[in-house]
Amino acid sequence: MSDADVHLAADPILTMTLTANNGLLSLGSTNGLAFPSGGDGTDEAFITIAGTTQALNTALEGLRFRPDAEYFNLLPGEDPLANADPATITITTNDGCLL
């Protein structure tokens, strides 16, 4: 991830929210991160973190997704209607700048 916003300081603190359905997320690293919404970045469906671009990238490098115990992905040749609720991970960033 990078942020080329000219209105930001050289090494700004950015906020990132990760959301997963049908499973849990664990960050690869939590060094240099703050957790404004609580939690610790391990086995969570919703994680909000704040940190520098470098700290956020390090956290994403080892990001792991663990599907729910009863969840499965389709195998080749299976009916797509058998699982109409795919596993998704959504990542949203906020640099705090409204310009």
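If you're wondering where the values come from, they're calculated on a predicted model, not measured in any experiment.

So, how was this worked out
Residues numbered from 1 in each chain as written. Predicted model: local features only at pLDDT ≥ 70, side-chain atom pairs only at ≥ 80, totals over all residues. Heavy atoms only, no water. Salt bridge = Lys/Arg side-chain N within 4 Å of Asp/Glu carboxyl O. Helix = DSSP H or I, 4+ residues; strand = E, 2+ residues; numbered from the N terminus. Buried < 20%, exposed > 50% of the residue type's maximum accessible area, 1.4 Å probe, protein only. Contact = heavy atoms within 4.5 Å. Polar contact = N/O pair within 3.5 Å; in protein donor to acceptor, adjacent residues only side chain to side chain. Core = buried A, V, L, I, M, F, W, Y, C linked by side-chain atoms within 4.5 Å. Arc of directions from axis to C-beta.

What follows deals with the pattern of salt bridges. Where side chains of opposite charge bring their charged atoms close, a pairing between them can arise. Applying the stated criterion across every chain yields a total of one salt bridge. A salt bridge links aspartate 43 to arginine 66; the shortest N-O distance between them is 3.4 Å. Here the residue aspartate 43 occupies a position in the loop between strand E2 (23-26) and strand E3 (46-51), and arginine 66 occupies one in strand E4 (residues 64-67), the gap between them amounting to 23 residues. Judged by relative accessible area, arginine 66 falls into the partly exposed class, the value being 44%.

Attention now goes to the environment of threonine 88. Residue position: threonine 88 is located in strand E5 (residues 88-94). Spatially, the C-alpha atom of threonine 88 lies 8.8 Å from that of glycine 23, the residues being 65 residues apart in sequence. The contacts of threonine 88, once residues within four sequence positions are left out, are Thr19, Ala20 and Asn21. At 2.7 Å, the side chain of threonine 88 and the side chain of asparagine 21 are in polar contact.

Among the nonpolar cores identified, the biggest contains 12 residues, and these are Leu14, Met16, Leu18, Ala20, Leu25, Leu27, Leu33, Ile47, Ile49, Ala55, Leu56 and Ala59. Secondary-structure elements contributing two or more residues to this core are strand E1 (14-21), E3 and helix H1 (53-61). With four residues, E1 is the single largest residue contributor to this core. Residues in contact with isoleucine 47, not counting those within four places in the same chain, are Met16, Thr17, Leu18, Leu25, Leu27, Phe35 and Gly41.

Moving on, we get to H1. Three or four residues apart is the spacing at which side chains of an α-helix point the same way, because the helix has 3.6 residues per turn. Every buried residue of H1 is accounted for by Thr53, Ala55, Leu56 and Ala59. One face of H1 carries all of its buried residues, which in axial projection span an arc of 165°. Across from the buried face of H1, at angles greater than 90 degrees, the exposed residues are Gln54 and Glu61. Elements in contact with the buried residues of H1: E1 and E3.

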